Amino acid sequence: MPEFALVKPERVFSYFEEICSVPRGSGNMEKISRYCVEFAKKQNLEYYTDSYGNVVIYKKGTAGYEDSEPVILQGHLDMVCQKTDDCEIDFENDGLDVYVDGDYLKAKGTTLGADNGIAISMILAVLESNNISHPPIEAVFTIDEEIGLIGANVLDKSVLKSKRMINLDAEEDDTLTVSCAGGNDFSVRIPVERVKAQGKAVKISLKGLQGGHSGVEIDKGRVNANNLMGRLLNHLKFNMDFEIVSVDGGDKTNAITNSCKAQLCCENGETLRAEAEKYLEIVKNELSAREPGFRYEITVSEACEQEVMNSEVRDGLVYFLACVPEGIIRMSAEIEGLVETSQNLGILKTDENEVVIKFAQRSNLMSGMDFLKEMMTRFSQCVPCVAESSGFYPPWEFLRDSKLQELYKNCYEAYYGEKPKVEAIHAGLECSVFSAAIEGLDCIAIGPEMHGVHTVNEKLSVSSTENTFRLLISILKRLK
């Protein structure tokens, strides 16, 4: 990639080029962790690494900053690996084919991994430099952020002394991120007793909904197909008798489900089809502005004997899907436009013996996380089931008197001549784990402009990266 030599800042993109040659998909951390350790050795810097692959590199303060309070610079080592159908790259062993396209870096046929490889590159450039003024630095590189903040959770925080931290995992260069949601997975398992029933098989498929990320896009008015199916089944139950064979939709708790299908059994299948079509046309018209791609398919086959849920399970499931709290639960009263608490029904799966329903719960307040868990534990008592919570990570709550926030705002205004946007996000950042573990931690998240993150269309702005890096240098200089 010789064209990289012309891209500024040179050392940042030189390291990014090297990082792109190292396989580092989530769960495949050995090589990239070793790369960071070898960097520390080459630079004669002290380092710490654990059995998981997390790496912390220490650098003393520069002249005049030797006794300053240290600062944590933090990013994650892993990337989301996606590729086009015709791409032959083996993410376990191969690097990426990265190229420059105008102001953007892109990868041929794959995700770029700028999330969060560009953070690692900027931090390494700071650690290498002899010309950047800064206080003592604790550079923290965590593993497997993309699959549950795993590295941040298992890292021994006692190896860190700093009470201030700059996370470089944000994606808009004009925005200062000051809070993020905590998360929890809540699951319900409903045992299924089956009985034999005679009738026509009716298959209903709801399709074409936009879907999206259950944190970032929960406020966009997008419809969850699982909840919509619950609404439809509830309507049908008021108008006729039918049995349920299965209901299935979604495969990720943190994705707004864009399709769902149900297999029903009904004595008069054509009557059920007509009622479902009539109701879905009403729904389609209702959703036309926000879900223009919504469509449905209904098929009716010949009568046959089927194994269906017994009436108690059927009625309980319909009630549960129709009435379970979903989407935005509460908006923030402190931060305008912030979704404070939400719940997403991401997985609905039926097998022979049970129905499994899984939710992603989020809140930017710890009290909100507690409320969600208690609410769903109580609500789940409406059906015979086993309810469980797992995968909890705490929220990063807004710090009202943050000195680091004020310093960043001043540096940004001096650099750009205008004030930055200040926002909280309804998604997870590793700041939440560190702020929960390090008492009194003052933390901010910043980063350059990126688009299409986690997709094969991912791209990173070169000019934005240069501006973000210069702003980071300015902040470090003032942390005396």
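Structure: see above.
Residues numbered from 1 in each chain as written. Predicted model: local features only at pLDDT ≥ 70, side-chain atom pairs only at ≥ 80, totals over all residues. Heavy atoms only, no water.

Novice: Would you take a moment to explain the nonpolar core for this structure?
Specialist: Note on soluble globular proteins: their nonpolar side chains tend to be buried together. Counting 65 residues, the largest nonpolar core has Ile57, Leu124, Leu127, Phe141 and Ile166 as the members making the most contacts within it. Once residues within four sequence positions are removed from consideration, Phe141 is found in contact with Cys36, Asn54, Val55, Ile57, Gly75, Leu77, Ile120, Ile123, Leu124 and Leu127. Counting residues in each nonpolar core, the second largest holds 49 residues, with Phe186, Val192, Leu287 and Leu372 among its members. (Core = buried A, V, L, I, M, F, W, Y, C linked by side-chain atoms within 4.5 Å. Buried < 20%, exposed > 50% of the residue type's maximum accessible area, 1.4 Å probe, protein only. Contact = heavy atoms within 4.5 Å.)

Novice: Teacher, can you tell me more about the sheet that holds strand S15 (residues 295-309) here?
Specialist: Each strand in a sheet pairs with another by means of backbone hydrogen bonds, the pair being arranged parallel or else antiparallel. Strand order in the open sheet made by the four strands is S12-S14-S10-S15, with antiparallel pairing throughout. The open sheet has two edge strands, strand S12 (243-248) and S15, and neither has a second partner. Strand-to-strand twist across the sheet, computed as the mean angle between neighbouring axes with direction ignored, equals 20°. As judged from the 13 bridges shared by strand S10 (residues 194-207) and S15, these two strands associate in the antiparallel manner. Residue pairing for S15: Gln198 is matched across the bridge by Glu305. Relative to S15, helix H6 (residues 269-286) is tilted by about 145°, and along the sheet it contacts S10, strand S14 (260-266) and S15. Along the sheet, helix H7 (residues 311-323) makes contact with S12 and S15, crossing S12 at roughly 45°. (Pairing = 2+ DSSP bridges. Helix = DSSP H or I, 4+ residues; strand = E, 2+ residues; numbered from the N terminus. Axes fitted to C-alpha atoms, helices over the stretch in contact; angles between N-to-C directions.)

Novice: Would you explain the pattern of salt bridges in this entry?
Specialist: Side chains that carry opposite charge are capable of pairing whenever their charged atoms lie near each other. Enumeration according to the criterion identifies 19 salt bridges in this entry. Where Glu297 meets Lys207, a salt bridge forms, and the shortest distance between an N and an O atom there is 3.1 Å. With Glu297 in strand S15 and Lys207 in strand S10, the pair connects residues that are 90 residues apart, well separated along the chain. Exposure remark for Glu297: the relative accessible area of 40% places this residue in the partly exposed category. In this structure, Arg273 and Glu270 form a salt bridge, with 3.1 Å as the shortest nitrogen-oxygen distance. Of this pair, Arg273 and Glu270 both sit in helix H6, three residues apart, roughly one helical turn. In this structure, a network of salt bridges that share partners links the residues Glu243, Arg314 and Asp315. (Salt bridge = Lys/Arg side-chain N within 4 Å of Asp/Glu carboxyl O.)

Just distances and angles here, no functional claims.
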